[in-house]
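Each chain, letter by letter, is given below.
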Amino acid sequence: MDFLLYVEYLGIASATLSGFLFAVKKGCDWLGIFLSAFLTALGGGILRDMLVGRAVYSFTHYMPLIIVILMLFVSKFTKLHTKREKLEKKFIFIFADAIDVICFSIVGAMVAIEFDYNVFGVAFLAFFNGVGGGILRDILLNEVPWFLRTGLYGTISFGVGVAYYFLNLLGLNGIFFTMLLLGLGILVRMLAYYKGWSLPALKD
């Protein structure tokens, strides 16, 4: 699915931007900025490949890391870090972030099915691929994981994994239904963000 691969590249680009902005906010030097961007964009895929016991895709193919490096230069020279407060609330940033998590979740589900995981394995691999990079970034920067605080982020990632598992079970895992799942996942994520949907917090 070459089209999905290109969408994943867009996800890597948007995730790199997110990691860059978080690191700048924390006052990191360039090594810290690179590690934050690297983990955000590629950390989930690294966790996925470690869990299934295969060679790490980001270390056997050049394009993912090339995208990260290029996006860091773009972010720096377009001075995006000076507009952080406005940028992360803009539609294009939220939309790109939604593409990031949904696409990575679908890819994680695909890999899990390739390795004959059951529905729970598919759901968790989709989750780790979808939000694992953000978790690693937040650990690095000593933040409460963002997926726990915003618009059903992790919940949607789990849901996408389960949905793809059943699509595959019904033989509906072709390009049309995969793109439909991608579109629906992005729509739900956008609605959750703008409507402020979230799971209830535990109260005393």
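Summarised in this report is the structure supplied together with it. (Residues numbered from 1 in each chain as written. Predicted model: local features only at pLDDT ≥ 70, side-chain atom pairs only at ≥ 80, totals over all residues. Heavy atoms only, no water.)

Quick word on the packing of helix H2 (residues 30-52) against helix H4 (residues 63-77)
Packed helices, taken two at a time, are described by their axes: the angle between them and the distance between them. Note the cut-off: Angles here are taken between N-to-C directions and fall from 0 to 180 degrees, while the axes themselves are lines fitted to C-alpha atoms, restricted in helices to the stretch in contact. Numbering of helices and strands starts at the N terminus; helices are DSSP runs of H or I of at least 4 residues and strands are runs of E of at least 2. Angles are sorted into four bins: roughly parallel if under 35 degrees, roughly antiparallel if over 145, roughly perpendicular if 65 to 115, and oblique for all others. Each crossing gets its handedness from the near helix: less than a right angle anticlockwise from the far helix is left-handed, clockwise is right-handed. The contact criterion used is simple: two residues touch if any of their non-hydrogen atoms lie within 4.5 Å. Asp, Glu, Lys and Arg are counted as charged, while Ala, Val, Leu, Ile, Met, Phe, Trp, Tyr, Cys and Pro are counted as nonpolar; the rest, among them Gly, fall into the polar class.
Between H2 and H4, the least distance of the axes is 10 Å, while the angle of their chain directions is 130°. As the angle between them shows, H2 and H4 are arranged oblique. Seen along the crossing, H2 lies across H4 with a hand that is right-handed. Residue-level contacts link Trp 30, Ile 33, Phe 34, Ala 37, Phe 38, Ala 41 and Leu 42 of H2 to Pro 64, Leu 65, Val 68, Leu 72 and Lys 76 of H4. Residues belonging to the contact of H2 with H4 are distributed by class as follows: 11 nonpolar, no polar and one charged.

A look at the side chain of Ser 14
Formally: We call a residue buried when its accessible area falls under 20% of the maximum for its residue type, exposed when it is over 50%, and partly exposed in between, using a 1.4 Å probe and counting protein chains only.
Structurally, Ser 14 is set in helix H1 (residues 2-25). Judged by its relative accessible area of 10%, Ser 14 is buried. Setting aside residues up to four positions removed in sequence, Ser 14 forms contacts with Ala 96, Asp 97 and Asp 100.

A short note on the environment of Gly 161
With respect to the helices, strands and loops of the structure, Gly 161 is situated in helix H8 (residues 153-169). Sequence separation between Gly 161 and Gly 108 is 53 residues; the distance between their C-alpha atoms is 7.6 Å. Ignoring any residue separated from it by four or fewer positions in sequence, one finds Gly 161 in contact with Ala 109, Val 122, Ala 123 and Ala 126.

Considerations on the pattern of salt bridges
Selection rule: A pair is scored as a salt bridge if a Lys or Arg side-chain nitrogen falls within 4 Å of a carboxyl oxygen belonging to Asp or Glu.
Taken as a whole and judged by the stated rule, the model has four salt bridges. The shortest N-O distance in the salt bridge between Asp 49 and Arg 54 comes to 2.8 Å. We classify Asp 49 as buried; its relative accessible area is 0%. In this structure, Arg 137 and Asp 138 form a salt bridge, with 3.0 Å as the shortest nitrogen-oxygen distance. You can call Arg 137 buried: its relative accessible area is 3%. On the basis of relative accessibility, which here comes to 1%, the residue Asp 138 falls in the buried class. Here the residues in one salt-bridge network are Arg 48, Asp 49 and Arg 54, joined through shared partners.

Topic: the nonpolar core
Using the following cut-off: By nonpolar core we mean a set of buried residues, namely Ala, Val, Leu, Ile, Met, Phe, Trp, Tyr and Cys, connected to one another through side-chain atoms within 4.5 Å.
By size, the foremost hydrophobic cluster in this structure holds 33 residues, and its most contacted members are Ile 102, Ile 106, Leu 182 and Ile 186. Secondary structure elements with two or more residues in this core: helix H6 (91-114), helix H7 (119-140), H8 and helix H9 (175-195). It is H6 that contributes the most residues to this core, 12 residues altogether. For Leu 182, the contacting residues outside a window of four places in its chain are Val 7, Ile 102, Cys 103 and Ile 106.

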